[in-house]
Amino acid sequence: MAPEDKKFLYALFLGIDANFRLKRKNVSSDQRDPSLGGGWAFFVEESAYKAHVASNWKNTQPRSTCVSHDAVNKPDKEARGLAASGAGTVDCARHDMKRPNGVGDLQLGERYMNMDYITLSSLRDTEVEIVVCSYDIVCQWSVNFRERMISYPNELHLSSSIKFITFLIPKFHLPAHIEACNTLYSFNLAVGVGRTDGEAPERGWANINPIAQSTKEMGPGARHDTIDDHFNDWNWRKTVQFGPRMIKKLRETASSAQLHLSGLEEFEDAVPKDVIDGWRVEVMKWERDPALPNPYQLTTKAISERVVRLELAKDIAAKEAVQGVNTTSHEMHASVMIANGLVIEED
């Protein structure tokens, strides 16, 4: 049993995503073209998966309370002439590797019933205490996730060993979300995730997409076996490159850590010590009990550059009126000169 401050080392990091290039035309059938090893590698076992899809086909999902995510609000993606509109996958987000039974075909769009099944299949018989789950629509998908799971067959239920699931949004995708998501689901603010970005599936698509034009013409079995082979090759190459890659990243980290430490020390020198101590206390309390007020939550509305320029212009105009001076006849107004000076100072 690991001590509390070391448990993060044994957490399982998942990266969930869908790829709509991995489509398949409606040709052949499972009977005429069965897989040579259905459910033995990365794709889920097809018959049980299709039974799950059929029994949950009429399920509806609520509209997004965040921005208008197409994956949430338009899950019934156009799929005319296709047996599969794409594939949903679950990766190990710590090592950028495909997980066993973590891939499944999508019939229309990125529907919860599909992504639930694929995720829970990947977690089947997984004996860990902490799971960190990264998904670009996790702010919507995670709501009622456990309730939906209870309605599925017992073999899809999470292991009793899984005590904590942290839901986060990949770093590249996060800015597209509303302000609340940027504090609630940020990797940068979460405890025990290091510098993980959660974008593992995206890096894998660049490797698998070149075969999509070929696999979309295949029957179901040949396509699954071909994609399984390529995913297996991806994992194998990752495994044999761990040594040199880790050495390279360790060297980069050592130099970068010193650079960031210097920047932090410079920042802290400019802020009163009692203020910094107060911040640390707030953050540590919140990390121990997330039910407390989030110290990262903005309490004041951010001011845009446009508003600042307008206020500067009004302020200068008011002073000019008192002094009887007029700078509006010049090519560059005084407020613009101040703004440009700030930009030059930053550069």
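Within each chain, residues carry numbers counting from 1 in the order of the written sequence. A pLDDT threshold of at least 70 governs which residues receive local features in this predicted model, and a stricter bar of 80 or more applies before side-chain atom pairs are shown or counted, although totals over entire chains, interfaces and linings include all residues. Heavy atoms throughout the structure, all of them, feed into the side-chain values; hydrogens and water do not.

(A) A look at the overall build of the protein. Helix and strand definitions here come from DSSP, where helices need a minimum of 4 consecutive H or I residues and strands a minimum of 2 consecutive E residues; each element is numbered from the N-terminal end. When helices and strands are tallied, the protein shows 13 helices and seven strands. The globule rule is 2.2 Å times the number of residues to the power 0.38, and the radius of gyration it is compared with is taken over C-alpha atoms. For a compact globule of 347 residues, the expected C-alpha radius of gyration is about 20 Å, and the protein comes in at 26 Å, more than 25% above that figure. Based on the C-alpha atoms only, the size of the protein along its principal axes is roughly 90 × 50 × 40 Å. Residue exposure (1.4 Å probe, protein chains only): buried if accessible area is under 20% of the type maximum, exposed if over 50%, otherwise partly exposed. A buried classification covers 41% of the 347 residues belonging to the protein. The Shrake-Rupley method, run with a 1.4 Å probe sphere, supplies the accessible areas, and residue values consider only the shown protein chains as cover. Looking at the protein as shown, the accessible area adds up to about 20900 Å², and 57% of this sits on carbon and sulfur atoms. When charges are tallied, Lys and Arg are placed among the positive residues and Asp and Glu among the negative ones, while His and the ends of the chain are skipped. The atoms used to mark charge sites are NZ of Lys, CZ of Arg, CG of Asp and CD of Glu. For the protein, the centre of its 41 positive side-chain charges and the centre of its 48 negative side-chain charges are spaced 5 Å apart.

(B) Structural view of a nonpolar patch on the surface. Together, Leu261, Leu264, Phe267, Val275 and Trp279 line one region of the surface with nonpolar side chains, adding up to about 450 Å² of accessible area. Counting residues per element, the ones that place at least two in the nonpolar patch are helix H10 (242-269) and helix H11 (273-288). With three residues, the single largest contributor to the nonpolar patch is H10. Relative to the helices and strands, Leu264 is located in helix H10. Since its relative accessible area comes to 42%, Leu264 is described here as partly exposed. Exposure above 30% relative accessible area and the absence of a salt bridge qualify a residue for a patch, where like charges join within 9 Å and nonpolar side chains (Val, Leu, Ile, Met, Phe, Trp, Tyr) within 5 Å. Whenever Lys or Arg places a side-chain nitrogen within 4 Å of a carboxyl oxygen from Asp or Glu, that contact is recorded as a salt bridge.

(C) Seen up close, the packing of helix H7 (residues 200-208) against helix H9 (residues 220-240). Throughout, an axis means a line fitted to C-alpha atoms (over the contacting stretch in the case of helices), and angles, computed between N-to-C directions, take values from 0 to 180 degrees. Two numbers describe how H7 lies on H9: the axes approach to 11 Å, and their chain directions differ by 120 degrees. It follows from the interaxial angle that H7 and H9 lie oblique. Here H7 runs over H9; the crossing is right-handed. Here Arg203, Gly204, Asn207 and Ile208 of H7 lie close against H9, whose contacting residues are Ile227, His230, Phe231, Trp234 and Arg237. Residues are grouped as follows: nonpolar covers Ala, Val, Leu, Ile, Met, Phe, Trp, Tyr, Cys and Pro; charged covers Asp, Glu, Lys and Arg; every other residue, Gly included, is treated as polar. Here the residues of the contact of H7 with H9 are counted per class, giving four nonpolar, three polar and two charged. The scheme is simple: roughly parallel for angles under 35 degrees, roughly antiparallel for over 145, roughly perpendicular for 65 to 115, oblique for anything else. Rotating anticlockwise by less than a right angle from the far helix to the near helix defines a left-handed crossing, while the corresponding clockwise rotation defines a right-handed one. In what follows, a contact means two residues having at least one pair of non-hydrogen atoms within 4.5 Å.

(D) Molecular detail of the side chain of Asp17. By secondary structure assignment, the location of Asp17 is in strand E1 (residues 12-19). Look at Asp17: it is buried, it has no salt bridge, and the nearest opposite charge is Lys98 at 8.0 Å. Any pair of nitrogen or oxygen atoms within 3.5 Å is treated as a polar contact; in protein, a donor-acceptor pairing is required on top of that, and neighbouring residues in sequence qualify only through side-chain atoms on both sides. At 3.0 Å, the side chain of Asp17 and the side chain of Trp205 are in polar contact. If sequence neighbours within four positions are ignored, Asp17 has contacts with Ala87, Gly88, Thr89, Glu110, Met115, Tyr135, Asp136, Pro201, Glu202 and Trp205.

(E) The arrangement of the pairing of E1 in detail. The element E1 is largely enclosed, with a buried count of eight among its eight residues. Judged by which residues are buried, E1 turns out to be covered on both faces: Leu12, Leu14, Ile16 and Ala18 on one side and Phe13, Gly15, Asp17 and Asn19 on the other are all buried. When DSSP locates at least two bridges between a pair of strands, those strands are taken to pair. As paired elements, E1 and strand E4 (residues 86-92) share six bridges and run antiparallel to each other. Counterpart to Asn19 in the pairing with E4 is Ala87.

(F) Representation of the packing of helix H1 (residues 46-55) against helix H3 (residues 112-122). Between H1 and H3, the shortest axis-to-axis distance is 10 Å and the interhelical angle comes to 145 degrees. The chirality of how H1 crosses H3 is right-handed. The residues of H3 that touch H1, namely those facing Ala48, Tyr49, His52 and Val53, are Met113, Asn114, Tyr117 and Ile118. Taken together, the residues of the contact of H1 with H3 sort by class into six nonpolar, two polar and no charged.

(G) A look at the pattern of salt bridges. Enumeration according to the criterion identifies 15 salt bridges in this entry. Here Asp30 and Lys50 are joined by a salt bridge, their closest N and O atoms 2.5 Å apart. Here Asp30 is found in the loop between strand E2 (24-25) and H1, whereas its partner Lys50 is found in helix H1, with 20 residues between them in sequence. The partly exposed category is assigned to Asp30, whose relative accessible area is 28%. Close ionic contact of Glu268 with Arg280 constitutes a salt bridge, the shortest N to O distance being 2.8 Å. Separated by twelve residues along the polypeptide, Glu268 in helix H10 and Arg280 in helix H11 bring together distant segments of the chain.

(H) Just the packing of aromatic side chains, in detail. Stacked, tilted and edge-to-face are the three classes applied to pairs of Phe, Tyr and Trp rings, where Trp contributes its six-membered ring and a pair requires centres within 6.5 Å; stacked means planes under 30 degrees apart, edge-to-face means over 60, and tilted covers the rest. Inspection of every chain in the model, using the stated rule, returns seven aromatic pairs. Ring geometry for Phe145 against Phe167: centres 6.1 Å apart, planes inclined by 75 degrees, an arrangement best described as edge-to-face. Taken as a pair, Phe145 in helix H5 (residues 145-150) and Phe167 in strand E7 (residues 164-168) lie far apart in primary sequence, 22 residues in all. On the basis of relative accessibility, which here comes to 19%, the residue Phe167 falls in the buried class. Taking the centre distance of 5.7 Å and the plane angle of 75 degrees together, the rings of Trp286 and Tyr296 count as edge-to-face. With Trp286 in helix H11 and Tyr296 in the loop between H11 and helix H12 (305-323), this residue pair connects regions lying ten residues apart in the sequence. Here the aromatic cluster, defined as three or more aromatic residues joined through ring pairs, consists of Tyr135, Trp141, Phe145 and Phe167. The positively charged end of Arg111 is found above the aromatic ring belonging to Trp57, 4.7 Å away from the centroid. Distance and angle both matter: a charge sits over a ring if NZ of Lys or CZ of Arg is within 6 Å of the ring centre and within 35 degrees of the ring normal.

(I) Structural context of the environment of Phe167. Linking Phe167 and Cys139, residues 28 residues apart in sequence, is a C-alpha distance of 7.8 Å. Other than its neighbours up to four places away in sequence, Phe167 contacts Cys133, Val138, Trp141, Ser142, Phe145 and Tyr185.

Function cannot be read off these values alone, since they describe shape.
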